[in-house]
Each structure stands twice: as C-alpha cells, then as structure tokens.
Amino acid sequence: MKIAFFDAKDYDRPAFDKFAARENIQIKYFDTRLGQDTAALARGFDGVCIFVNDDLSAPVAEKLYALGVRVVALRCAGYNNVDLSACFGKLHVVRVPAYSPYAVAEHTMALLLTSVRRIHKAYNRTREFNFSLSGLVGSDLHGKTVGVVGTGKIGRIFIEICRGFGMNVLAFDKFPAKGTNFDYVPLDELLARSDVISLHCPLTEETFHLIGADAIQKCKKGVVILNTSRGALIDAEALLAGIKERKVGAACLDVYEEESDLFFRDFSGHIVGDDTLARLLSMPNVIVTSHQAFLTEEALGNIAETTIENLAAFRDGKGLENELCYRCNRVEDCRRARAEKCF
Ligand code: NAI
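A quick note: this is a predicted structure, and the numbers were derived from the prediction, not measured. (Residues numbered from 1 in each chain as written. Predicted model: local features only at pLDDT ≥ 70, side-chain atom pairs only at ≥ 80, totals over all residues. Heavy atoms only, no water.)

1. Notes on the site of the ligand
1) Next: Surveying the vicinity of the ligand reveals 22 residues, the closest of which are Lys153, Ile154, Asp173, Thr228 and Asp254.
2) Next: Contacts to the ligand include Gly152, whose backbone N or O atom sits 3.3 Å from an oxygen atom.
3) Next: Taking Lys153, its main chain carries an N or O atom lying 2.9 Å from an oxygen atom of the ligand.
4) Next: Contact with the protein chains covers 82% of the free accessible surface of the ligand, which is 870 Å².
5) Next: Placement of the ligand is best described as lying within the largest pocket. (Near = heavy atom within 4 Å. Polar contact = N/O pair within 3.5 Å; in protein donor to acceptor, adjacent residues only side chain to side chain. Areas by Shrake-Rupley, 256 points an atom, 1.4 Å probe, with all protein chains shown as cover. 1 Å grid on protein atoms, 1.4 Å probe; cavity = no way out; pocket = protein on both sides within 12 Å on 5 of 7 lines; lining within 4 Å. Sits in = over half its atoms within 2 Å of the grid points.)

2. A few points about the sheet that holds strand β2 (residues 26-29)
1) Next: One open sheet holds the six strands; their spatial order is β2-β1-β3-β4-β5-β13, and the pairing between them is mixed. The sheet is open, and its two borders are formed by β2 and β13 (323-324), each paired with just one other strand.
2) Next: By the bridge criterion, four bridges tie strand β1 (residues 2-5) to β2 in an arrangement that is parallel. The residue of β2 that forms the bridge with Phe5 is Tyr29.
3) Next: Packing against the sheet, helix α1 (residues 13-22) makes contact with β1, β2 and β3 (47-50), and its axis sits at approximately 160° to β2. (Pairing = 2+ DSSP bridges. Helix = DSSP H or I, 4+ residues; strand = E, 2+ residues; numbered from the N terminus. Contact = heavy atoms within 4.5 Å. Axes fitted to C-alpha atoms, helices over the stretch in contact; angles between N-to-C directions.)

3. Topic: the packing of helix α4 (residues 101-116) against helix α6 (residues 153-164)
In a pair of packed helices, the angle between the axes and the distance between the axes together describe the arrangement.
1) Next: Running from N to C, α4 and α6 cross one another at 45°; their axes reach a closest spacing of 8 Å. Comparing their axes, α6 and α4 come out oblique. Remark: the crossing between α4 and α6 carries right-handed chirality. Here α4 contributes Pro101, Tyr102, Val104, Ala105, Glu106, Thr108 and Met109 to the contact with α6, which in turn contributes Lys153, Ile154, Ile157, Phe158, Ile161 and Cys162.
2) Next: A per-class count over the contact of α4 with α6 returns 10 nonpolar, one polar and two charged. (Parallel < 35°, antiparallel > 145°, perpendicular 65-115°, else oblique. Left-handed = near helix turned anticlockwise from the far one by under 90°. Nonpolar A, V, L, I, M, F, W, Y, C, P; charged D, E, K, R; others polar.)

Right, here's the structure in full:
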C-alpha cells in the first residue's frame, strides 16, 4: 500500500515510519498541503494522509478519486476541512478520534501557570541577567474558581488537574454527564462566578463566538480566559476590547480563528498582515502558542499508530471503526455501527 502524506513536518516522521514499517505500508512525505493545485501529487498512490489545514473540498475529492485514490486518513480528530458528502461513495475517510487528552489538558494548565506566575516574562528577564521582580507579582490558583466549558475527555482531565491545585470547579456542558464529582451550572452563572474560564467544547454553529462581547461583559473583572479547543469559540476582536478595558485579566490561546494561514509555519522573517493577531500578541497579558497542545511524544505515537491501523484495515478489507461519512449519527441503519464500511 502506497500513501501520499501531505503537510509533513519533521516531527511526524519518526512515529509514522515506525508503524508503517510494521504494517508494510510505504509513505511518501510531501511538505506541501493538499489542495486543488497539489492533488496531482497523489497520482499512483492508494491513499492520502492529511492534517487539519489540508483542503479536502469537493473539487479535491473529485481529483483524488480520478487519480485512483480510495482512502483518506486524517491524522487528527477534527474534520471541518473535509467535504464528507463529496467523498461519500468515492473516498473512505478515516480519522483518529482521540490520541492524548492528557497532552491538551496539561498544556492548558501550563499556559495558565505561565500566565498567572509570569513565567514568560521571568524567562526573558533572567536570560539578560535582569533579576528584578518588579511587575512579576502573580496570583495563587488555590481557592480560585475555574469554569470549564465542555466536560468531555479533555475537559474532565483538566478538571482533575485543577482540583489538584485546590481550585473550585464549575462546569457547563450541553450534554451534562451524570454522576460527576463537580457541579454543572448554566453558562451565564459560570461566566459570572469564574476567575478562570477554560474552553473544551467543539466548534459548532452553536458554539461559534461563544466568548463574544456579551459573554465578556458577564465575566468577573480580571478573568483569565483559556482556549485550547478551537479558535472561533472566541471573537478575537471582542477579546481585545475586553483586554483593553481591563475586564479580561489575561488570555492564553493555543488556537486562533484565522490560524490556518499562519500556524505550523515560520513567518519570523515576514510582515504578517493579520492585525488582530498582531494586536493580541502585543498585549503583555496574552500568551499564544500555535496549536501545540497536542504535540507530545505520546500523542504523536498514538496518532501514527491509529492512522496506520486505519489504513491497514482498509487495505485488508476489514470494517473501519474510525470511518466518517456525512450520514454518521444521522441515520438509523448506520453501517459503521455494524462494523462495516460506510459504503
Ligand atoms: P469530547 O468530544 O470528548 O468532549 C467535548 C464536550 O463538549 C462533550 O462533553 C460535549 O457534550 C460538549 N459540548 C458539545 N457541544 C457543546 C456546547 N454547545 N456547549 C458546551 N459543551 C458542548 O472532546 P475532547 O476530546 O475533550 O476535545 C475537546 C476539544 O478540544 C475538541 O473539540 C477540539 O476542538 C479540541 N482539541 C484541541 C487540540 C489542540 O491541540 N489544541 C487537540 C485535540 C482536541
């Protein structure tokens, strides 16, 4: 089996080489992203492997199918970059539903601690032999209230981490779990009572700009906002306004609404035209990491292992437990539920 691997980064290769060798799958790594102009690179391959910012829109799906590609393996959980209807009947689409919720939850706490203890400032200072403590006064997490929006795999691990710090926990979820050891409250109450708000829900029409001007006005003065979920959960302009009027005490963002043209690439020698991001980065109380929360050895290993297992199952004619199609969760006779391929 031959796989064209798009948007390859140096950190992808070790784990993929290891698991591909085990399943006798050949991978050709392409640095470029999949899109209309690059789909032709997949000629002669059985399948392609893509990531969050590759483009699998309808025209690209058509091109891949015409080239003889029959399976697309997403090496991520999200699939908002894939036209599942266009793929149906032509390309089987498989993904990695979970790889390391610990990686994301731990990164969220790393961002919070960095922010409230001013580690980012201290790091820069001491490298220049500036040992002054002025401006580095932080705040304890112990006794503070954290509001967690989305109590799935990542949100719950983050809650456990926060409990370890002696924080009080409030939670909001559209589908609250039963038998939890934390309290669910309405979103407005969570906004009003939380010192720290952390977003761990998916991006949907309903959650788009969940944190906008109205929500920010309902928050406590000085609230710390954490987003390691999806950029468009926050209206970045409203966040900037909240920071400027001193309502928002700090923001830690691993994701950004307009990240797809920027994140995962080095623009250090360029003039970046995104004024909103530039203004956010200029704020002393904003920390941005570039969609890095998943990036641990453990998560990369799990991603590679599941992706290669998905591809090997397709090659061997087995059911695809991680297949996606536009009918998933919408039809009663879901074939995947019967451990069959979606078409
Ligand atoms: P999950 O599916 O286990 O949990 C999501 C939770 O959000 C569920 O409990 C669900 O009921 C809840 N939810 C759904 N709609 C909601 C709404 N309208 N309001 C409030 N809650 C709602 O997902 P998991 O694995 O915990 O991932 C959470 C998010 O983390 C993902 O959606 C993804 O966007 C993000 N993520 C970010 C990564 C990074 O590197 N920064 C890596 C992996 C995931």
